[in-house]
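Letter by letter, the chains look like this.
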Amino acid sequence: MKILITGGAGCLGSNLIEHWLPAGHSIMVIDNFATGKREVVPSVPRLDVVEGTIADQTLVANCFDRFKPEVVVHAAASYKDPTDWKEDAQTNVVGSIHIAKAAAAHAAPRLINLQTALCYGRPAELPIPITHPTAPFTSYGITKTAGEQFMLMSGVPTVSLRLANITGPRLAIGPIPTFYKRLKAGQECFCSDTRRDFLDMSDFFSVMDLAIRADAPTGVFNVSTGEGHTIKEIFDLVAAHLELPELDVPVVPPAHDDVSAVVLDPSETERTFNWNATVPFAEAIARQLTWYDAYGVSDVYSHLAAPAVSKQAIHE
Ligand SMILES: NC(=O)c1ccc[n+]([C@@H]2O[C@H](COP(=O)([O-])OP(=O)(O)OC[C@H]3O[C@@H](n4cnc5c(N)ncnc54)[C@H](O)[C@@H]3O)[C@@H](O)[C@H]2O)c1
């Protein structure tokens, strides 16, 4: 299958490449390396890497002309500077429109959009059902929500997967890399008093393998274990993994742009795709920490406009 992955040099895109290339698929990547890394998309057979932005309509059109993808996985997203609304809009809205229009013009059989749970804003119920209204209130959430709507309007069979926090190789956002990096360096941490859901990369792969099938359902789906865990639980697991003596870490109220609990209800996805998350929380975190032991933590990004001090222990 010919799969175009926007943002293929990012965490999820590059993991998908490592999963799908050995399965025999041909992959084209469009990435501007804003948060992705060149070295994770090496020059290998059946992988074509185009450096550029999806905000460039001509570049996007040329990639579709040349590659004629059968599946488009839209993973490119801008979030690293929460005050740069224009860049978020250029990538997450205008770029998404370019992808949606090009996919429609080429009658691409299938479009898969990766969506943030922040589209729900501050949820009125937990776990968040797929029918919950969207009410984003950050630059990332607002622009990603608009982008998703354009994808769904494209006329191309579209699956938009609203994702829990995916753990796996090269994870560079959220509390796990933040605590690991800081605790290893002997730096202080604190935990925001929030809850999140986490999903192991292998469970993300299994839902993606189903979503790219030509006969797969279309629509909007939550992808999660459905289980919420506190940031303090993460801190304790990281500290225990690093064999640190018991630490008395402060737990502070969420920052103004944070959400106290985000836990997605995957029941509709489970029914429709006959899919379930299989890796328990503690095992997913253990796998992540073992990966950091081997490869370390590089840059850590956040899409929260939190004050400098709370960037120490950020939450997704
Ligand atoms: N990782 C998660 O747990 C998670 C959770 C919810 C949603 N998502 C969504 O999944 C997608 C992938 O997330 P990720 O964690 O891999 O993030 P990431 O930052 O690692 O990957 C995003 C990629 O998009 C690229 N990019 C940014 N702007 C671009 C542009 N204008 N043109 C081309 N490429 C551009 C970046 O360089 C990067 O390689 C995003 O859409 C994100 O909103 C991820």
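About the criteria used
- Residues numbered from 1 in each chain as written.
- Predicted model: local features only at pLDDT ≥ 70, side-chain atom pairs only at ≥ 80, totals over all residues.
- Heavy atoms only, no water.
- Core = buried A, V, L, I, M, F, W, Y, C linked by side-chain atoms within 4.5 Å.
- Buried < 20%, exposed > 50% of the residue type's maximum accessible area, 1.4 Å probe, protein only.
- Helix = DSSP H or I, 4+ residues; strand = E, 2+ residues; numbered from the N terminus.
- Contact = heavy atoms within 4.5 Å.
- Axes fitted to C-alpha atoms, helices over the stretch in contact; angles between N-to-C directions.
- Parallel < 35°, antiparallel > 145°, perpendicular 65-115°, else oblique.
- Left-handed = near helix turned anticlockwise from the far one by under 90°.
- Nonpolar A, V, L, I, M, F, W, Y, C, P; charged D, E, K, R; others polar.
- Pairing = 2+ DSSP bridges.

**Q** Tell me about the nonpolar core, and name the residues and values.
**A** With 37 residues, the main nonpolar core has Val73, Ile112, Leu161 and Phe204 as its most contacted residues. Going through the elements one at a time, strand 1 (2-6), helix 1 (11-20), strand 2 (26-31), strand 4 (71-74), strand 5 (110-116), strand 6 (158-163), helix 6 (201-211) and strand 11 (219-223) are the ones with two or more residues in this core. In terms of residues, this core owes the most to one element, helix 6, which gives six residues. Not counting residues within four places of it along the chain, the set of residues in contact with Ile112 comprises Val71, Val72, Val73, His74, Val159, Leu161, Met208, Ala211 and Ile212. Residues Tyr140, Cys189, Ile231 and Val249 belong to the second largest nonpolar core, which totals 32 residues.

**Q** With reference to specific residues and values, describe the packing of helix 5 (residues 175-184) against helix 9 (residues 281-295).
**A** Where helix 5 meets helix 9, the axes come as close as 11 Å, and the angle between the chain directions of the two elements is 45°. With respect to each other, helix 5 and helix 9 are oriented oblique. The interaxial crossing formed by helix 5 with helix 9 has right-handed handedness. Residues Ile176, Pro177 and Tyr180 of helix 5 pack against Ile285, Gln288, Leu289, Tyr292 and Asp293 of helix 9. Broken down by class, the residue content of the contact of helix 5 with helix 9 amounts to six nonpolar, one polar and one charged.

**Q** For the sheet that holds strand 4, give the residues involved together with the corresponding values.
**A** Taken in spatial order, the seven strands make up an open sheet running 3-2-1-4-5-6-11, and their pairing is parallel. A strand with exactly one partner marks an edge of an open sheet, and here the two such strands are strand 3 (47-51) and strand 11. Each adjacent strand pair in this sheet contributes to an overall mean axis angle of 20°, direction not counted. The pairing of strand 2 with strand 3 spans five bridges and is classified as parallel. Residue pairing for strand 3: Ile27 is matched across the bridge by Leu47. The sheet contacts of helix 4 (residues 139-153) involve strand 4, strand 5, strand 6 and strand 11, and relative to strand 5 the element is tilted by about 160°.

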